[in-house]
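Residue strings, one per chain:
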Amino acid sequence: MSGAHANVEPFHAVEINRLAHARERRGLPVIHMEVGQPSAGAPAAALAAGQHALTHAPQGYWESDALRERIAALYQQRYGLALEPQRVILTMGGSGAFVLAVAVLVAAGARVALARPGYPAHRNVLRAFGVQPLELDCGAATRFQPSAAQLAALEPAPAGLIVTSPSNPTGTMLEAGELAALAAVARARGIRLVSDETYHGITFGPAAHTLLEFEPDAIVLNSFSKYWCMTGWRLGWAVVPAGLAEAFRRYAANLFLVPPTLAQHVALAALEADTELQQRVAEYADNRRELLAALPQLGITRFAPADGAFYLYADIGHLTSDSLVFCRELLDATGLALNTGRDFDTVQGHRFLRISFAVSTGETRRAIDWLGDWLRRRRTG
Ligand SMILES: Cc1ncc(COP(=O)(O)O)c(C=O)c1O
């Protein structure tokens, strides 16, 4: 038997992660910078709220109206936007929000544009639903983000465009003017906009803008996984136009019934934990600074600006013809786990490396030492 979705592409990050864990089981040290997750867990006050809820709250099927209202208030707090809580759909992580958006909005056979390099699940989920991903070649010239000119040039106009700012794997962002220009082209050409805002809250210069500021009918996806450090709790949300909310809610109930109950209690408290979370972002900023200073001294000079998220996407085409082999060898020789760009870009990704720096600054410094020593040994050996 072979289902319609059986041929999905592998995540190389998962393979590197598996090799890294096998190494740890042999008692060898590892620094995990291969997977896109904060090494620190949910904030302390959120964990305490979870402990309390485990004892005092029922753990049956449940959706928190208070959480929907608090998420709506977050749009006022972060972007100065008033949002009806009914427009917030709670989901199983940002992943669940994306599956829902594709299922509700896009017909099989349609074409949907997205950046290459980009988050691979976007491309793979589109394919799984019979939708054709239209990869826009986004290089250093547009800071690895799609431009309004690229969108305007697509003939015929695609059904949708997915934007991810800050981006995974590059961390680069779309500025207000660029978002406004994309929204104007999309509106003129009837292109539905989906904005993956999973990394909002983790920025190192100006804060991120939501696409809702420029296109009130955009579908916005977000998650408690990254800024709130709740990857394993599996909670995210979509903001949808009022007229689509009922369709989203109905389909969400059929796919998942409700999001995890305990995670909703934890998330409600995590939304008040900005002091602790801002300290973590400050640590990512330190790690980013260390890497930006050290990599050029190791001969790695071409990387994306990393305005946000916690990734450095570096061109190592002068060091290897296949960054997956490079990552396996580096892990084997040193215990430093990084990811290949092949997950994010099937054309140029073999030249690139993604370093996830949501670890401690101590680990970042050790990682730089291990990488430097290995590169020197490799050159001379
Ligand atoms: C751009 C982007 N969107 C969505 C997700 C999905 O995350 P989650 O399902 O944990 O919210 C990720 C995870 O790495 C991501 O990088």
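Residues numbered from 1 in each chain as written. Predicted model: local features only at pLDDT ≥ 70, side-chain atom pairs only at ≥ 80, totals over all residues. Heavy atoms only, no water.

What follows concerns the site of the ligand. Surrounding the ligand, one finds 13 residues, the nearest of these being G94, S95, D196, S223 and S225. Within the backbone of G94, a nitrogen or oxygen atom sits 2.6 Å from an oxygen atom of the ligand. Compared with its free state, where it exposes 400 Å², the ligand has 92% of that area covered by protein. Sort the elements by how many residues they give to the shell around the ligand and helix α4 (residues 93–105) lands first, with three residues. (Near = heavy atom within 4 Å. Polar contact = N/O pair within 3.5 Å; in protein donor to acceptor, adjacent residues only side chain to side chain. Areas by Shrake-Rupley, 256 points an atom, 1.4 Å probe, with all protein chains shown as cover. Helix = DSSP H or I, 4+ residues; strand = E, 2+ residues; numbered from the N terminus.)

Our next topic: the sheet that holds strand β9 (residues 311–315). Across the sheet, three strands lie side by side as β9-β12-β11; this open sheet has antiparallel pairing. The outermost strands of the open sheet, each flanked by one partner alone, are β9 and β11 (339–340). Bridge analysis of β9 against strand β12 (residues 352–356) gives five bridges, and the strand direction is antiparallel. Bridge assignment links L312 to a residue of β12, and that residue is I355. (Pairing = 2+ DSSP bridges.)

What follows deals with the environment of G171. Looking at the secondary structure, you find G171 in the loop between β5 (160–164) and α7 (176–189). Spatially, the C-alpha atoms of G171 and G308 are 4.8 Å apart, while their sequence positions differ by 137 residues.

So, on to the packing of α4 against helix α5 (residues 120–128). One way to put it is that α4 packs onto α5 with a least axis distance of 10 Å and a crossing angle of 35°. Every pair of crossing elements has a handedness; the one defined by α4 and α5 is right-handed. Of α5, the residues touching α4 (which contributes F98, V99 and V102) are A121, H122, V125 and L126. Tallied by class, the residues present in the contact of α4 with α5 amount to six nonpolar, one polar and no charged. (Axes fitted to C-alpha atoms, helices over the stretch in contact; angles between N-to-C directions. Left-handed = near helix turned anticlockwise from the far one by under 90°. Contact = heavy atoms within 4.5 Å. Nonpolar A, V, L, I, M, F, W, Y, C, P; charged D, E, K, R; others polar.)

Moving on, we come to empty space enclosed by the protein. Evaluated as defined, the whole model comprises four cavities of 30 Å³ or more. Here the largest cavity defines a volume of roughly 110 Å³. Taken together, 14 residues form the lining of the largest cavity, with A115, P117, G118, Y119 and T164 sitting closest to its centre. At the level of elements, β3 (111–116) and β5 are the ones that each hand at least two residues to the lining of the largest cavity. Here the residues of the lining of the largest cavity are counted per class, giving eight nonpolar, six polar and no charged. Size it by volume and the second largest cavity reaches roughly 60 Å³. When residues of the lining of the second largest cavity are traced back to their parent elements, those giving at least two are β2 (88–91) and α8 (242–256). For the lining of the second largest cavity, the class distribution of residues is eight nonpolar, one polar and two charged. (1 Å grid on protein atoms, 1.4 Å probe; cavity = no way out; pocket = protein on both sides within 12 Å on 5 of 7 lines; lining within 4 Å. Points joined across faces, edges and corners; volume = space filled by probe spheres on them.)

Time to look at the sheet that holds strand β7 (residues 219–223). Spatially, seven strands are ordered β2-β8-β7-β6-β5-β3-β4 in an open sheet, and the strand pairing comes out mixed. Each end of this open sheet is capped by a strand with a single partner; those strands are β2 and β4 (132–137). Neighbour to neighbour, the strand axes of the sheet diverge by 20° on average, direction disregarded. Here β3 pairs with β4 via six bridges, running parallel. Within the sheet, the bridge partner assigned to R111 lies in β4 and is Q132.

With that out of the way, let us pick up the domain arrangement of the protein chain. In terms of domains, the protein chain is made up of domain 1 (12–42 + 275–380) and domain 2 (45–273). Inter-centroid distance (C-alpha atoms) of domain 1 to domain 2 is 26 Å. The interface is formed by 31 residues belonging to domain 1 together with 35 residues belonging to domain 2. Together domain 1 and domain 2 conceal approximately 2700 Å² of surface at their shared face, both sides included; 63% is due to carbon and sulfur atoms. On the domain 1 side of the interface with domain 2, the three residues burying the most area are A42, L277 and D307, jointly 24% of the side's total. (Domains from an automatic or database assignment. Buried area = accessible area lost by both parts, 1.4 Å probe.)

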